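Read off the chains here:
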Amino acid sequence: MTHTMNQTDFGQTATDQLRNRLAAAGQEHTLQFWDQLEPGERAQLTAQLESIDVNRLNCQDEGSELDLDEATLTAPDQIKWSADSSEDESLVKLGEQMMSRGELGVLIAAGGQGTRLGLSQPKGCLPIGPVTGASLFQILIEKVVAASREFDCEIPVVMLCSPATHRETIEYLDAENWFGLPESCRHTLCQKTLPAVDRKTGRLLMESPSSLCLSPNGHGGHLSELVDCGLLEKLTDAGVTTLFYCQVDNPMAPLCEPGVIGEHLRNEAELTVLVTPRTSPEEKVGTVICVDGVPQVIEYTIIPEELAARRDAEGRLEFRAANTGIHLFDTAFLQREANHFSSLPLHQANKKVPHIDEQGATVIPDEPNAIKFERFIFDVFPRSRKTLVLEIDPLTGFAPVKNADGANSPSEVQGQILQANRAWLASRGLRVDEGVPVETVPMLTSFTDPEIRLGRRVA
Ligand code: UTP
């Protein structure tokens, strides 16, 4: 629906045209409060309706149309990496030198609504450092600041936001002076939204008489925005060749680790996907599987049970590469594929979405009542010509905060941080008494000098 609000050749107003198109798609109810709206409200609603492809929202989940012909599926080849095994000096040097040349940029996905945690602020503001109380934003940004100081370079950071998080994220980071990141390295972008539809009827849900129920269009939505707002080009022009991508809810992400970057470069990959070993067939995590030899992520919701549970001769899960959401993208790869970003599949999720009914009264559902649509960043993976699958230790690289209680809760993640830090100290012969909390601090860290690590890395 890409028409403007001008008078048409037939004397029909653009509003009539819009109404006709909506009626043809069974969505005319979205204009039912039209007569009560102020001009500004009408313009807002029109802009929302004009920007969406109503017919695409009615169709089946495009994300589940993957052809899972078992004959085409194989487990990907993997290389293992751990911070402690990075004594491969040449590998570390590769990453270090690349950062020194100013060729690394960082993308942090922070546009999600964090509904499972039920926070009132963006998820990145969540205090998670078990000793310091540092927020997710702080821990991740300080890793970048520490690397840029150690390797004497600028590392631009793009905070990937959404309308749900953009303003508050900027306010928070500005108030914290972006934790010491130079001003020239600070970037934010705001992904677009997609509307929610009623699960049973497919009708667009209204948040108010003048607005649809809109939510961020998934982490895959950042890719189009990165191109459209000109940032990808700007970073490339500034000499950035590789983007280290992670998600804001994983404080353990090995952001800017020279060894990880070294593996990406040494393997001449245009995409590196960091994985951890799946622990059980039931684990709710996407799996990296080769389809016709090409690595891609298959969501746990669509992988057949038998396939998820299949074991190899050694008794390990055959398909065990769990996607961590940590990736390295070459900017040349993203530029080459830029035309495809807006047509990535729309995945569907059943969610509870408050809305108004036909009388304008607010409805707060107890059960999932709506379908939300999202694009996933990993849907670009099959387009990569050379993908490296790099296995990391979950204890030191992957601890996402997802739920308020239980698995992946803030307290579980804090426990994991403490455990990893304790193990790290123990591996260097430093014993910390049981029950004494220890947290390593990126700003006091050296990525490469083991002596400095020993002496200064503890808070
Ligand atoms: P999740 O899918 O876990 O979503 O996002 P979420 O918003 O954090 O949490 P729930 O599902 O609402 O409880 C994984 C990562 O992708 C980012 C999130 O910020 C998180 O870092 N994300 C998700 C976006 O940046 N944009 C989106 O539209 C969705």
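Quick notes on the rules
- Residues numbered from 1 in each chain as written.
- Predicted model: local features only at pLDDT ≥ 70, side-chain atom pairs only at ≥ 80, totals over all residues.
- Heavy atoms only, no water.
- Helix = DSSP H or I, 4+ residues; strand = E, 2+ residues; numbered from the N terminus.
- Rg over C-alpha atoms; globule rule 2.2 N^0.38 Å.
- Buried < 20%, exposed > 50% of the residue type's maximum accessible area, 1.4 Å probe, protein only.
- Contact = heavy atoms within 4.5 Å.
- Areas by Shrake-Rupley, 256 points an atom, 1.4 Å probe, with all protein chains shown as cover.
- Lys, Arg positive; Asp, Glu negative; His and termini not counted.
- Charge placed at Lys NZ, Arg CZ, Asp CG, Glu CD.
- Phe/Tyr/Trp six-rings, centres within 6.5 Å; stacked < 30°, edge-to-face > 60°.
- Pairing = 2+ DSSP bridges.
- Near = heavy atom within 4 Å.
- Polar contact = N/O pair within 3.5 Å; in protein donor to acceptor, adjacent residues only side chain to side chain.
- Nonpolar A, V, L, I, M, F, W, Y, C, P; charged D, E, K, R; others polar.
- Disulfide = S-S within 2.5 Å.
- Core = buried A, V, L, I, M, F, W, Y, C linked by side-chain atoms within 4.5 Å.
- Right-handed = clockwise from strand over helix to strand, strands pointing away.
- Salt bridge = Lys/Arg side-chain N within 4 Å of Asp/Glu carboxyl O.
- Axes fitted to C-alpha atoms, helices over the stretch in contact; angles between N-to-C directions.
- Parallel < 35°, antiparallel > 145°, perpendicular 65-115°, else oblique.
- Arc of directions from axis to C-beta.

Caption draft 1: Broad picture of the overall build of the chain. If you tally the helices and strands in the chain, you get 14 helices and 20 strands. Taken over C-alpha atoms, the radius of gyration comes to 24 Å for the chain, in line with the 23 Å a tight globule of 459 residues would show. The principal-axis extent of the C-alpha atoms belonging to the chain is close to 80 × 55 × 45 Å. Looking at the chain as a whole, 51% of its 459 residues qualify as buried. Long-range contacts, defined here as pairs at least 24 residues apart, represent 74% of the contacts in the chain between residues at least 6 apart. Accessible surface, the chain as shown: approximately 20,800 Å² in total, 48% of it carbon and sulfur. Each charge sign in the chain was given a centre, from 40 positive and 67 negative side chains, and these centres are 2 Å apart.

Caption draft 2: Structural view of the packing of aromatic side chains. The final tally for this structure, using the stated rule, is seven aromatic pairs. Arranged with centres 6.5 Å apart and planes meeting at 20°, the rings of Phe329 and Phe333 form a pair that is stacked. Classification of Phe329 as buried rests on a relative accessible area of 1%. Of the residues examined, Phe333 reaches a relative accessible area of 1% and is grouped as buried. Note on Phe329 and Phe381: the rings are 6.5 Å apart at their centroids and 55° apart in plane angle, and the pair reads as tilted. On the criterion of sequence distance, the pair formed by Phe329 in strand β15 (residues 321-330) and Phe381 in the loop between β19 (370-374) and β20 (387-392) is long-range, its members being 52 residues apart. What makes Phe381 buried here is its relative accessible area of 1%.

Caption draft 3: View of the pairing of strand β5 (residues 186-190). Looking at chain direction, strand β4 (residues 157-161) and β5 are connected through five bridges and run parallel. What sits directly across from Cys161, in β5, is Cys190.

Caption draft 4: Focus on the site of the ligand. Surrounding the ligand, one finds 19 residues, the nearest of these being Gly111, Thr115, Arg116, Lys123 and Lys402. One of the backbone N or O atoms of Gly111 is found 2.7 Å from an oxygen atom in the ligand. The contact in question runs from an oxygen atom of the ligand to an N or O atom on the side chain of Lys402, over 2.6 Å. By residue class, the composition of the shell around the ligand is four nonpolar, 10 polar and five charged.

Caption draft 5: Quick look at the sheet that holds β19. Spatial ordering of the open sheet is given by β7-β19-β16, a layout of three strands whose pairing is antiparallel. Edge strands, defined here as strands with exactly one partner in the open sheet, are β7 (197-198) and β16 (347-351). Relative to β19, β7 runs antiparallel, the two being bridged by two bridges. Its bridge partner lying in β19, Asp198 is registered against Ala370.

Caption draft 6: Seen up close, the state of the cysteines. Overall, the coordinates contain zero disulfides when judged by the stated rule. Cys256 supplies the cysteine sulfur nearest to Cys246, a cysteine that is in no disulfide, at a spacing of 8.8 Å.

Caption draft 7: Representation of the environment of Ile377 within the structure. With respect to the secondary-structure elements, Ile377 resides in the loop between β19 and β20. Those residues in contact with Ile377 that sit more than four places away from it in its chain are His219, Gly220, Leu223, Tyr245, His327 and Phe329.

Caption draft 8: Structural detail: the side chain of His355. For His355, the position within the fold is in strand β17 (residues 355-356). Setting aside its immediate chain neighbours within four residues, His355 contacts Leu205, Met206, Cys213, Ala361, Thr362, Val363 and Asn369.

Caption draft 9: Quick peek at the nonpolar core. Counting 55 residues, the largest nonpolar core has Met159 and Cys256 as the members making the most contacts within it. Counting residues per element, this core draws most heavily on helix α5 (residues 136-150), at nine residues. Setting aside its immediate chain neighbours within four residues, Cys256 contacts Met99, Leu104, Val106, Val144, Ala147, Ile155, Phe244, Ile261 and Phe447. If you look at the next biggest cluster of nonpolar residues, it comprises 31 residues, including Leu189, Val240, Val275 and Val389.

Caption draft 10: Expanded view of the pairing of β4. Burial analysis of β4 places five of its five residues in the buried class, which makes it a mostly covered element. The two faces of β4 match: Val157, Met159 and Cys161 on one face and Val158 and Leu160 on the other face are all buried. Once you follow strand β3 (residues 104-109) into α5 and on to β4, the crossover reads as right-handed. The parallel pair β4 and β5, bridged by helix α6 (residues 166-175), forms a crossover whose chirality is right-handed.

Caption draft 11: Expanded view of the pattern of salt bridges. Per the stated rule, a full pass over the model turns up 19 salt bridges. Linking Lys93 and Glu96 is a salt bridge whose minimum nitrogen-to-oxygen distance equals 3.7 Å. Here Lys93 and its partner Glu96 are both found in helix α4 (residues 89-100), three residues apart, which amounts to about one turn of the helix. The partner of Arg336 in a salt bridge is Glu270, with the nearest N and O atoms 2.7 Å apart. Here Arg336 is found in helix α11 (residues 331-337), whereas its partner Glu270 is found in the loop between α9 (258-266) and β12 (271-277), with 66 residues between them in sequence. Looking at Arg336, the relative accessible area reads 29%, which means it is partly exposed. Take Glu270: its relative accessible area is 13%, and that puts it in the buried class.

Caption draft 12: Geometry of the packing of α4 against α9. Relative orientation of the contacting elements α4 and α9 amounts to 95°, with a least axis distance of 7 Å. Our classification of the angle between α4 and α9 gives roughly perpendicular. Each of Leu91, Val92, Leu94, Gly95, Glu96, Met98 and Met99 in α4 lies in contact with α9, whose residues at this interface are Pro258, Gly259, Ile261, Gly262, Glu263, Leu265 and Arg266.

Caption draft 13: Quick peek at α6. All of the buried residues in α6 are Thr169, Tyr172 and Leu173. Each buried residue of α6 lies within a common arc of 90° when the element is viewed along its axis, so the set occupies one face. Turned more than 90 degrees from where α6 packs its buried face, Arg167 and Ala175 sit exposed. Tucked into the core, α6 has its buried residues touching α5 and β4.

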